[in-house]
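One-letter residues, chain by chain:
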Amino acid sequence: MLALTLKEYNRFVLEDVPTPSVAADSVLVAVKACGICGSDVHGMDGSTGRRKPPIIMGHEAAGVVVEAGPKAVAWEPGARVTFDSTIYCGECEFCRQGQINLCNQRRVLGVSCDEYRQNGALAQFVTVPQRVLYRLPNALPFEHAALAEPLSIAFHALRRAAVKASDSVVVIGAGLIGLLLVQSLRRAGCKRILAVDLAQEKLALARTLGATASITSGPNALREIMEWTDGHGADAVFEAVGVPATVDLAVRSARKGGSVTLVGNVAPKVEFPLQVCVTRELSIYGSCASAGEYPACIEALANGEIEAAPLLSAIAPLAEGPQWFDRLYRKEPGLVKVILQP
């Protein structure tokens, strides 16, 4: 099969590699659409330590079953599917409690780090355990279904924070996850949603998708957030960037007794405003991947509660992958989600 392989940092090669074998409880999927995730873009230069070459990236995908192992009896060739990016064991204490994102044997598609290497879906075929598969409605395009994975991250973050419709909410970062958070908050009935980002085109899109206000990130951001909340701070803040400045802003933006949910995950370490957190008695939530939100995400994409089309900047063949990675890495204005078609 053809695969887009990160051969060394910042160098991709479209190459012929063996089609992955199918284990007894696994399924071989012909990949019809695979998104380039921000974590892939950040990882391709070695900065995150989670994309060590050689590796086939890609974990936001959808496709068609072409072969099922003898124990994967629920899946037949031709089934339209998407799949969780988290490969969990299904047996450890966390899996038994439904916290599959915290599985002791957790692997993520398209990731290679010190602990494991798991090739992903930027290839013509990928093999995944049957337990991570989900059926797709016939009317849902594969390119839209590929957004189920990032959408599940947004849904999970909202569940972590237990946001109420009456809450004033700040979303810091209007990239894909931030925009999906905005839409998810709108779907949850929130009437006051403030988006924060550096890029004006992303803020404009955030307003289109449900943000009721927006401000430009920078030296005046905290003051403007406080003005928007009448000096109290937000009931809930979602940080969807993961760098020191935005984490600091997120904590300082919350009201006394409010919550901050950390979703962004770029910098391994950040300085933390401890006294602000303690003296304002904030609840700080880390939100990792998802844990059972896929069915709700697929339904929301299928019925239009979550809009996929405005988020898709380009749909291109796999062979054009290197140039799209480069454009995303250079932060070309206007790009949100690029989908590759193996």
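Residues numbered from 1 in each chain as written. Predicted model: local features only at pLDDT ≥ 70, side-chain atom pairs only at ≥ 80, totals over all residues. Heavy atoms only, no water.

This next bit is on a nonpolar patch on the surface. On the surface, Phe272, Leu274, Val278 and Ile284 cluster together into a nonpolar patch covering about 350 Å² of accessible area. Tracing the backbone shows Leu274 in helix 9 (residues 274-279). Given the relative accessible area of 54%, Leu274 is considered exposed. (Patch = residues over 30% accessible without salt bridge, like charges linked within 9 Å, V, L, I, M, F, W, Y side chains within 5 Å. Areas by Shrake-Rupley, 256 points an atom, 1.4 Å probe, with all protein chains shown as cover. Salt bridge = Lys/Arg side-chain N within 4 Å of Asp/Glu carboxyl O. Helix = DSSP H or I, 4+ residues; strand = E, 2+ residues; numbered from the N terminus. Buried < 20%, exposed > 50% of the residue type's maximum accessible area, 1.4 Å probe, protein only.)

Turning next to the sheet that holds strand 2 (residues 11-16). Taken in spatial order, the 3 strands of this open sheet run 2-1-4, and their pairing is antiparallel. Looking along the sheet, the strands with just one partner apiece sit at the ends: strand 2 and strand 4 (55-56). Both strand 1 (residues 2-8) and strand 2 contribute to a ladder of 6 bridges, which runs antiparallel. Pairing of Glu8 across the sheet is with Arg11, part of strand 2. (Pairing = 2+ DSSP bridges.)

Turning our attention to the side chain of Ser112. On the secondary structure map, Ser112 appears in strand 9 (residues 111-112). For Ser112, a relative accessible area of 0% corresponds to the buried category. For Ser112, the contacting residues outside a window of four places in its chain are Gly49, Arg50, Arg51, Lys52, Pro53, Ile55 and Arg117. (Contact = heavy atoms within 4.5 Å.)

This brings us to the packing of helix 4 (residues 148-161) against helix 10 (residues 294-303). At a minimum axis separation of 9 Å, helix 4 and helix 10 run at an interaxial angle of 115°. It follows that helix 4 is roughly perpendicular to helix 10 by the angle criterion. The element helix 4 and its partner helix 10 pack so that their crossing is right-handed. Every residue of helix 10 that contacts helix 4 at Ala148, Glu149, Leu151, Ser152 and Phe155 is listed here: Tyr294, Ala296, Cys297, Ile298, Ala300 and Leu301. (Axes fitted to C-alpha atoms, helices over the stretch in contact; angles between N-to-C directions. Parallel < 35°, antiparallel > 145°, perpendicular 65-115°, else oblique. Left-handed = near helix turned anticlockwise from the far one by under 90°.)

Turning to the pairing of strand 15 (residues 213-216), a few remarks are in order. Along strand 15, the buried face is formed by Ala213 and Ile215; none of Ser214 and Thr216, which line the opposite face, is buried. Bridging between strand 14 (residues 192-197) and strand 15 involves 4 bridges; their strand directions are parallel. Bridge pairing in strand 15 links Val196 to Ile215. Each parallel crossover has a hand, and for strand 14 linked through helix 6 (residues 200-208) to strand 15 it is right-handed. (Right-handed = clockwise from strand over helix to strand, strands pointing away.)

Inspection of the secondary structure puts Gly218 in the loop between strand 15 and helix 7 (221-228). Spatially, the C-alpha atom of Gly218 lies 13 Å from that of Ala250, the residues being 32 residues apart in sequence.

Let's shift gears to the pattern of salt bridges. Oppositely charged side chains are able to pair whenever their charged atoms sit close together. Scanning all chains against the criterion turns up 16 salt bridges. Between Lys164 and Asp167 there is a salt bridge, with the nearest N and O atoms lying 3.4 Å from each other. Take Lys164: its relative accessible area is 48%, and that puts it in the partly exposed class.

A few words on unusual backbone geometry. Each neighbour pair has its own omega, and for Pro53 with Pro54 the value is -5°, a cis peptide bond. Relative to the helices and strands, Pro54 resides in the loop between helix 1 (38-43) and strand 4. For Ala162, which is not glycine, the phi torsion reads 50° and is therefore positive. Note that Ala162 resides in the loop between helix 4 and strand 13 (168-172). Positive phi, normally seen in glycine, also occurs at Asp230, with a value near 55°. Within the fold, Asp230 resides in the loop between helix 7 and strand 16 (234-239).

Attention now goes to the packing of aromatic side chains. Per the counting criterion, the structure on display carries 2 aromatic pairs. When the centroid spacing of 5.0 Å and the interplanar angle of 10° are considered together, the rings of Tyr134 and Tyr294 count as stacked. Of this pair, Tyr134 sits in strand 12 (residues 133-135) while Tyr294 sits in helix 10, and the two are 160 residues apart along the sequence. Here Tyr134 falls in the buried class, since its relative accessible area comes to 16%. Residue Tyr294 is classed as buried on the basis of its relative accessible area of 1%. Over the ring of Tyr88 we find Arg131, and its NZ or CZ is 5.9 Å from the ring centre. (Phe/Tyr/Trp six-rings, centres within 6.5 Å; stacked < 30°, edge-to-face > 60°. Lys NZ or Arg CZ within 6 Å of the ring centre and 35° of its normal.)

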